[in-house]
Amino acid sequence: MDLTQHIRTIPDFPKPGILFYDISTLLAHPKAWRSCVDQLAETVRTWKPDLLVGIESRGFLTAAPLALELNLGFAMVRKQGKLPGQTVSHVYELEYGTDTVEIQSDAIQPGQRIVVLDDLLATGGTMSAAIELIEKVGGIVAGVACIIELNGLGGRDEMTVPFHSLIQYDI
Ligand SMILES: O=P(O)(O)OC[C@H]1O[C@H](OP(=O)(O)OP(=O)(O)O)[C@H](O)[C@@H]1O
Ligand SMILES: Nc1ncnc2[nH]cnc12
C-alpha cells in the first residue's frame, strides 16, 4: 500500500518555513496504519530485537503496535522529567543549546538487543541521542527505523547502526 497518500503536509508549522509531515491522517486510517506497522515489522524482525524502544511522543505511536505485533516488550525514551523512579539521562547538542532524553534505569538489561522507532528522521539528532542513551545503559542497538525520512538534512549519515525508513521525501 502507498502510505504517502495518507501523510498530510502542513505548511508553516510549528514555525514559518517548516513543512510539517503529519501522520495523524495515517493513524486515522486503520488499513493504512496496519500496512505501515506490517511494513516496519518486515525489516525490524530481521534485526532480532529483544525489546523495542519508542521516542516521545510520535515514536510511542510507532513502536507500541509493532511491539505487540512482534510479541516484544516496549520501553519509552522521554524528554527530561517525565519518567518516574530511577532514570538515566543523556544530554545532547541542539543548534542552539542542549536537550536531555531519559530512560528508566531498569528498562533495558545489559546485552539486550534493542530496536528504536520514531515516526520521522530529520537531522537525526533525536535518534542519535536515543542510541547513545541506550548504549550508555548497556543495550545493543541492533537497528533503528522510522516511517518518514527527510532527505537533505543529513540524518541518515548520522546513524551509527542499521537504519530503515518506509518513505523518503526530498526537502
Ligand atoms: O531528526 P530530528 O531533527 O531530531 O527530528 C525528528 C524528531 O522531531 C519530531 O519530534 P518532536 O520533537 O517534534 O516531538 P513529538 O514527537 O512529541 O511531536 C519527530 O517525531 C522526531 O522525534
Ligand atoms: N518537517 C517535520 N515534520 C514533522 N516532524 C518533524 N520533526 C522534525 N522535522 C519535522
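Residues numbered from 1 in each chain as written. Chains lettered and ligands numbered in written order. Predicted model: local features only at pLDDT ≥ 70, side-chain atom pairs only at ≥ 80, totals over all residues. Heavy atoms only, no water.

Basically, it comes down to this: UniProt positions are given in the numbering used here, feature names are shortened, and annotations may be inferred rather than shown by experiment.
An unreviewed UniProt entry annotates the protein as Adenine phosphoribosyltransferase of Pacificispira spongiicola. Note on the protein: under the UniProt heading Sequence similarities (unreviewed entry), the record states "Belongs to the purine/pyrimidine phosphoribosyltransferase family."

Brief notes about the overall build of the protein
Selection criterion: Counting from the N terminus, the helices are the DSSP runs of H or I reaching at least four residues and the strands are the DSSP runs of E reaching at least two. Buried residues are those whose accessible area, probed at 1.4 Å on protein chains only, stays under 20% of the maximum for their type, while exposed residues exceed 50% and partly exposed ones sit between those limits. Whether two residues are in contact is decided by their heavy atoms, any of which lying within 4.5 Å being enough. Note that accessible areas follow from Shrake-Rupley with a 1.4 Å probe, and for residues the cover is restricted to the protein chains shown. Under the convention used here, Asp and Glu are negative, Lys and Arg are positive, and both His and the chain ends fall outside the count. We put the charge of a Lys on NZ, of an Arg on CZ, of an Asp on CG and of a Glu on CD.
A tally of helices and strands in the protein yields five helices and nine strands. Listing each helix as α and each strand as β along the protein from the N terminus yields β-β-α-α-β-α-β-β-β-β-α-β-α-β. If you line up the protein on its principal axes, its C-alpha atoms span 40 × 40 × 30 Å. Across the 171 residues in the protein, those meeting the buried criterion constitute 46%. A fraction of 55% describes how many contacts in the protein between residues 6 or more apart in sequence connect residues 24 or more apart. On the protein, roughly 8,800 Å² of surface is accessible, and the fraction owed to carbon and sulfur atoms is 51%. Counting 13 positive and 21 negative side-chain charges, the protein places the centres of these two groups 6 Å from one another.

Side note on the nonpolar core
Side chains that are nonpolar tend, in soluble globular proteins, to be buried together. To keep it simple, the criterion reads: Side-chain atoms within 4.5 Å link the members of a nonpolar core, which is a set of buried Ala, Val, Leu, Ile, Met, Phe, Trp, Tyr and Cys residues.
Leu-26, Cys-36, Val-44, Leu-66, Leu-117, Ile-147 and Ile-148 are the most contacted members of the largest nonpolar core, which has 28 residues in total. Mapped by element, the contributors of at least two residues to this core are helix H2 (30-44), helix H3 (58-69), strand S7 (113-121), strand S8 (140-151) and strand S9 (163-170). Sorting elements by how many residues they give to this core places H2 first, with seven residues. Setting aside chain neighbours within four positions, we find Leu-66 in contact with Val-37, Leu-40, Ala-41, Val-44, Leu-52 and Leu-117. Of all hydrophobic cores here, the second largest spans 25 residues; its members include Tyr-92, Leu-121, Val-137 and Cys-146.

Thoughts on the confidence of the model for the protein
Filter applied, for reference: Scored between 0 and 100, pLDDT is the confidence that the predictor attaches to each residue.
Across the protein, the average pLDDT comes to 97, with 100% of residues at 70 or higher. The ipTM assigned to the predicted complex is 0.98, against a pTM of 0.98.

Re the site of ligand 1
Cut-off, in case you're wondering: Throughout this document, a residue counts as near a molecule or strand when at least one of its heavy atoms sits within 4 Å of that molecule or strand. Any pair of N or O atoms that falls within 3.5 Å is considered a polar contact. Within protein, one atom must be able to donate a hydrogen and the other to accept it, and sequence-neighbouring residues count only if both atoms are side-chain atoms.
Ser-57, Asp-118, Asp-119, Thr-123 and Thr-126 are the nearest of the 13 residues found near ligand 1. Here Ala-122 contributes a backbone N or O atom positioned 2.9 Å from an oxygen atom of ligand 1. For the shell around ligand 1, the secondary structure elements donating two or more residues are S7 and helix H4 (125-136). Per-element accounting of the shell around ligand 1 gives the leading share, four residues, to S7.

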